[in-house]
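Observations on the three-dimensional arrangement
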Amino acid sequence: MPRFTTRTMFALGAALALWASAFAGIRAGLRAYSPAHLAILRFLVASLVLAMYAAFAHFRRPAMRDLPGLFLTGAVGITFYNIAINYGETRVTAGAASLLIASVPIWTALLARFILHEKLTSLGWLGVLLSFAGVALIASGEGEGIHLSLQALVILSAAVSSAIYMIMQKHYLGRYSALEFTAYTIWFGTLLMLPFGGGFLHAVRAAPVAATLSVIYLGIFPGALAYVAWAYVMSHGTAGRTSTLLYLIPVMAIGIAWVWLGEVPRWISLVGGVIALAGVILVNTRGKDLSHDIVENVPDAA
């Protein structure tokens, strides 16, 4: 577990609670908006909130050499992730969607193995396989039988994109503040959503006020504020270990969806979630190579 200050723990709690509420908020917004229109409105609101802050704060301009990477980070972590999860939630319950997204630490561990050269023990790889089995149960529980539904697979692909975003995020948080990084990636990501906005203005005019307010909530809180808070947390911890804290989200999301939407999770999704969580706990308690931790904690010569 990373060693966090009180401020970092507060940012962590805020990010997790706000993201947990996002699954129910998305389901509420999808009652009136298409997946693409919901994502566009949500991140136009988030972009506006960050732009208002940037007008009063001193934001460094991104270096020219960083623009392609920041653009790609926004495409992966904002554009694709949010449109994919919105589409997936047209058929998958909010609680089950959060459990599928909770596979992010699994993908982060796998990417860190090949990109950051972090090593896992045999027990660690056993935990990865156990988690995959749990995720498969969740996905099959959301189909009409034991096969994987398309929407569940789309949400799973969103989880992979989120893991990629975290690996890329760590690179840029060494150069930019949490606010700067979040603003640039959200602005770029929102820009890339606009080609999917055919009929957007008509959809906003036709939508009930309650649905639009749900999307505005998503833009301000799980959008702008939660992304900034999480970037701040990531800047104070390692990617692999910090990402495991996302496993607090499913429990919170299921409770919120139950109260907000009246959604009772299916038993097979709950069983799969427990198995997936058990696997990741095994990865992160018994799967870390201690020799890597020693190297990881040596300060940079720079």
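Scope of this entry: the structure provided in the associated data block.

Quick word on the overall build of the chain
In terms of helices and strands, the chain carries 14 helices and zero strands. Each helix (α) and strand (β) of the chain, taken in turn from the N terminus, gives the series α-α-α-α-α-α-α-α-α-α-α-α-α-α. Looking at the 302 residues of the chain, the share that counts as buried comes to 55%. On the chain, roughly 13,900 Å² of surface is accessible, and the fraction owed to carbon and sulfur atoms is 71%.

With respect to empty space enclosed by the protein
Applying the stated criterion to the full structure yields two cavities of 30 Å³ or more. Residue lining of the largest cavity: 20 residues in total, with Trp19, Tyr81, Ile101, Ser162 and Tyr227 positioned closest to the centre. For the lining of the largest cavity, the elements supplying multiple residues, two or more each, are α1 (6-29), α3 (67-88), α4 (94-101), α7 (150-172) and α10 (209-234). Its residues placed into classes, the lining of the largest cavity shows 15 nonpolar, four polar and one charged.

Considerations on the packing of aromatic side chains
Within the structure shown, the criterion is met by twelve aromatic pairs. Seen in terms of ring centroids, tyrosine 184 and tryptophan 187 are 5.9 Å apart; in terms of plane orientation they differ by 70°. Their pairing is edge-to-face. Of this pair, tyrosine 184 and tryptophan 187 are both found in helix α8 (residues 178-193), three residues apart, which corresponds to roughly one turn of the helix. On the accessibility criterion, tyrosine 184 (8% relative accessible area) is buried. The class for tryptophan 187 is partly exposed, based on a relative accessible area of 28%. Among the aromatic residues, ring-to-ring pairing joins Trp19, Phe43, Tyr165, Tyr172, Phe181, Tyr227 and Trp230 into one connected group.

Describing the packing of α8 against α10
Between two packed helices, the angle of one axis relative to the other and the distance separating the axes together describe the packing. The N-to-C vectors of α8 and α10 enclose an angle of 130°; their axes lie 8 Å apart at closest approach. As judged from the angle between their axes, α8 and α10 are oblique. α10 is crossed by α8, and the crossing has right-handed handedness. For the pair α8 and α10, the contacting residues are Ala178, Leu179, Thr182 and Ile186 in the first and Gly223, Ala224, Tyr227, Val228, Ala231 and Tyr232 in the second. Residue composition of the contact of α8 with α10, by class: eight nonpolar, two polar and no charged.

Here's the deal with the nonpolar core
Ranked by internal contacts, the top residues of the largest apolar core, which has 76 residues, are Tyr33, Ile101, Tyr227, Trp230 and Leu246. A total of twelve residues in this core trace back to one element, the largest contributor, which is α10. Sequence-distant contacts of leucine 246, that is, excluding residues within four places in its chain, are made with Leu16, Trp19, Val104, Met166 and Trp230.

Thoughts on a nonpolar patch on the surface
Residues Leu44, Phe71, Leu191 and Leu194 make up a contiguous nonpolar surface patch of roughly 330 Å² in combined accessible area. Classification of phenylalanine 71 as partly exposed rests on a relative accessible area of 32%.

Quick notes on the layout of surface pockets
Approximately 200 Å³ is the volume attributed to the second largest pocket. Phe10, Ala11, Ala14, Ser177, Ala178, Leu179, Leu225, Val228, Ala229 and Tyr232 are the residues that line the second largest pocket. At the level of elements, α1, α8 and α10 are the ones that each hand at least two residues to the lining of the second largest pocket. For the lining of the second largest pocket, the element with the most residues is α10, which contributes four residues.

Parameters and conventions
Residues numbered from 1 in each chain as written. Predicted model: local features only at pLDDT ≥ 70, side-chain atom pairs only at ≥ 80, totals over all residues. Heavy atoms only, no water. Helix = DSSP H or I, 4+ residues; strand = E, 2+ residues; numbered from the N terminus. Buried < 20%, exposed > 50% of the residue type's maximum accessible area, 1.4 Å probe, protein only. Areas by Shrake-Rupley, 256 points an atom, 1.4 Å probe, with all protein chains shown as cover. 1 Å grid on protein atoms, 1.4 Å probe; cavity = no way out; pocket = protein on both sides within 12 Å on 5 of 7 lines; lining within 4 Å. Points joined across faces, edges and corners; volume = space filled by probe spheres on them. Nonpolar A, V, L, I, M, F, W, Y, C, P; charged D, E, K, R; others polar. Phe/Tyr/Trp six-rings, centres within 6.5 Å; stacked < 30°, edge-to-face > 60°. Axes fitted to C-alpha atoms, helices over the stretch in contact; angles between N-to-C directions. Parallel < 35°, antiparallel > 145°, perpendicular 65-115°, else oblique. Left-handed = near helix turned anticlockwise from the far one by under 90°. Contact = heavy atoms within 4.5 Å. Core = buried A, V, L, I, M, F, W, Y, C linked by side-chain atoms within 4.5 Å. Patch = residues over 30% accessible without salt bridge, like charges linked within 9 Å, V, L, I, M, F, W, Y side chains within 5 Å. Salt bridge = Lys/Arg side-chain N within 4 Å of Asp/Glu carboxyl O.

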